[in-house]
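Now for the letters of each chain:
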Amino acid sequence: MTSRSAAVRKDPGNALTRYMLVARLDSTKEQPDPLIPVSDFINPNLHRELLKAGMSPTESETAIARIAEQAAESVQAIVEYRKSNSHRTPASFIDDVCEREGANRQIQVIYKDKQLIINREHYAKLQNLYSQAGSDMRLFRVRLFCLLQRYESIGGTGYQAAAPKAVFECLKEEFGVHHECFASPFNSTLGSWGSAFKDTDGFFGSHGSFFDLDKWNYSKGGSFEANPPFVEESMEMMSDCMHQILQENEEAEVKTSFVVVVPAWTDDRGHEMMKESRFCKRAMILEKSQHSYRSGAQHTSLQQYHDAGFRTSVFILQNAQGAREWPVTTGVMKKLQECFHKWGD
């Protein structure tokens, strides 16, 4: 959106992606678009990222103001387009979206001059999820294109990485885990999962955002896995929400457990909150050489797994009832650690 300043000493990387993720966390601010945030103030998170990259405070504020201005113009154009095309139903796009075979067992999904790709294995997975969700199969191709476009637009595939499937098998067996709090149609493993974008992902079975606590009944308790986007604000808000759930469910005598996977940012407030929580039954740190992740670009990449480029913390948060139901032993933690180093399905 903006030209690069000569003062920028290092690439700001996924700063804009982090900004978009964080901006969506405030549920009190209704946004006219599910992806592009509209704001009339200097976002402190993006400001911090640009300062880290080498911009001066004035340059950063100017750049953010330009981003905000262009974002507002883009959202207004989207709103006007929706109004002018309000007569069009999803079914009217069926003939406009096509697909064809690509190289390396990939499928191209095409709308006008935009081509998106997906691995055949993930294409089959999404077909199955879509059918299981009871969605209209006639619209599968249209909604698949929207899904692929959404995740390409948000960028930051590192924020969509997931634990190896062996980890989920261990979590199901040892902790009765039945729901992923932070997933996507591409990387979901369990039969029940939530994700950031209910408007595109819901057709494939998503229960929506973890932070919409009123829409997913955590008061019923259960055992959950949480591997949130590695963004400080997101992890801090997640920690707050989990403490609230565990506290309320303990008072109601409802067994509840969370297995949380986050980077070992030991100076991060969210990390510290979980480490010091009275609900933390066990924690371990996985060194870079000790574990791997499924790629955040697994639905388009030939390489499905990669070694972690950072240390990872695993927290077991349980209320009293959850701890009795799913006891955490040294043997279980060792087994879990070994599963993080298993590539393949």
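Located above this text is the structure these notes cover.
First things first, this report covers the structure right here in the doc. (Residues numbered from 1 in each chain as written. Predicted model: local features only at pLDDT ≥ 70, side-chain atom pairs only at ≥ 80, totals over all residues. Heavy atoms only, no water.)

Some points on the packing of aromatic side chains
Evaluation of the coordinates by the stated rule reveals 19 aromatic pairs. Where Tyr123 meets Phe140, the ring centres are 5.5 Å apart and the plane angle is 85°; that geometry is what we call edge-to-face. Here Tyr123, found in helix H4 (residues 120–132), pairs with Phe140, found in helix H5 (residues 140–154); they are 17 residues apart in sequence, far enough to count as distant. Assessed through its relative accessible area of 8%, Tyr123 is described here as buried. A relative accessible area of 5% means that Phe140 is categorised as buried. Geometrically, the ring pair formed by Tyr218 and Phe258 is tilted, given 6.4 Å between the ring centres and 40° between the ring planes. A residue pair is termed long-range when its members are at least 10 positions apart, and Tyr218 in the loop between helix H7 (198–201) and strand S6 (222–226) and Phe258 in strand S7 (residues 256–263) qualify at 40 residues. What makes Tyr218 buried here is its relative accessible area of 5%. Taken together, the ring pairs connect Phe182, Phe210, Phe211, Tyr218, Phe224 and Phe258 into an aromatic cluster. Residue placement shows Arg150 over the ring face of Phe197; its charged tip is 4.9 Å from the ring centre. (Phe/Tyr/Trp six-rings, centres within 6.5 Å; stacked < 30°, edge-to-face > 60°. Helix = DSSP H or I, 4+ residues; strand = E, 2+ residues; numbered from the N terminus. Buried < 20%, exposed > 50% of the residue type's maximum accessible area, 1.4 Å probe, protein only. Lys NZ or Arg CZ within 6 Å of the ring centre and 35° of its normal.)

Section: the pairing of strand S4 (residues 179–183)
The side chains of a regular strand alternate, first on one face of the sheet and then on the other. Taking burial as the measure, the five residues of S4 include five buried ones, the bulk of the element. Examined bridge by bridge, S4 and strand S5 (residues 192–195) share three bridges and lie parallel to one another. Along S5, the bridge assignment pairs Ala183 with Ser195. Inspection of the sheet shows S4 paired to S6 by two bridges, in the parallel sense. Along S6, the bridge assignment pairs Glu180 with Glu225. (Pairing = 2+ DSSP bridges.)

Things to note about helix H11 (residues 330–339)
Buried within H11 we find Val332, Met333, Leu336 and Cys339. Buried residues along H11 cover an arc of 120° about the axis, so they all sit on one side. For H11, the exposed residues lying more than 90 degrees away from the buried face are Thr330 and Lys334. On the buried face of H11, the contacting elements are helix H6 (165–175), strand S8 (280–286) and strand S11 (312–318). (Arc of directions from axis to C-beta. Contact = heavy atoms within 4.5 Å.)

Let's talk about the side chain of Ser184
Structurally, Ser184 is set in the loop between S4 and S5. The residues touching Ser184, leaving out its near neighbours within four places in the chain, are Tyr151, Gln160, Trp193 and Ser195.

Side note on the sheet that holds strand S1 (residues 97–101)
On the basis of which strands lie adjacent, the open sheet formed by three strands has the order S1-S2-S3 and antiparallel pairing. Looking at strand neighbours, the two that pair on one side only are S1 and strand S3 (114–119), the edges of this open sheet. Strand-to-strand twist of the sheet, defined as the mean angle between neighbouring strand axes without regard to direction, takes the value 25°. Where S1 meets strand S2 (residues 106–111), five bridges bridge the pair, whose relative direction is antiparallel. The partner of Cys98 across the bridge, within S2, is Ile110. Docked against the sheet, H4 engages S1, S2 and S3, running at close to 90° with respect to S3. Against the sheet, H5 engages S1, S2 and S3, with an angle of about 95° to S3. (Axes fitted to C-alpha atoms, helices over the stretch in contact; angles between N-to-C directions.)

Remarks on the packing of helix H2 (residues 44–52) against helix H3 (residues 57–84)
The axes of two packed helices give the description: the angle between them and the distance between them. It is the contact of H2 with H3, at a shortest axis distance of 9 Å, that shows an interaxial angle of 130°. Classified by the angle between their axes, H2 and H3 sit oblique to one another. Relative to H3, the crossing made by H2 is right-handed. Contacts from Leu46, His47, Leu50 and Leu51 in H2 reach Pro57, Ser60, Glu61, Ala63, Ile64 and Ile67 in H3. Residue classes in the contact of H2 with H3 are distributed as seven nonpolar, two polar and one charged. (Parallel < 35°, antiparallel > 145°, perpendicular 65-115°, else oblique. Left-handed = near helix turned anticlockwise from the far one by under 90°. Nonpolar A, V, L, I, M, F, W, Y, C, P; charged D, E, K, R; others polar.)

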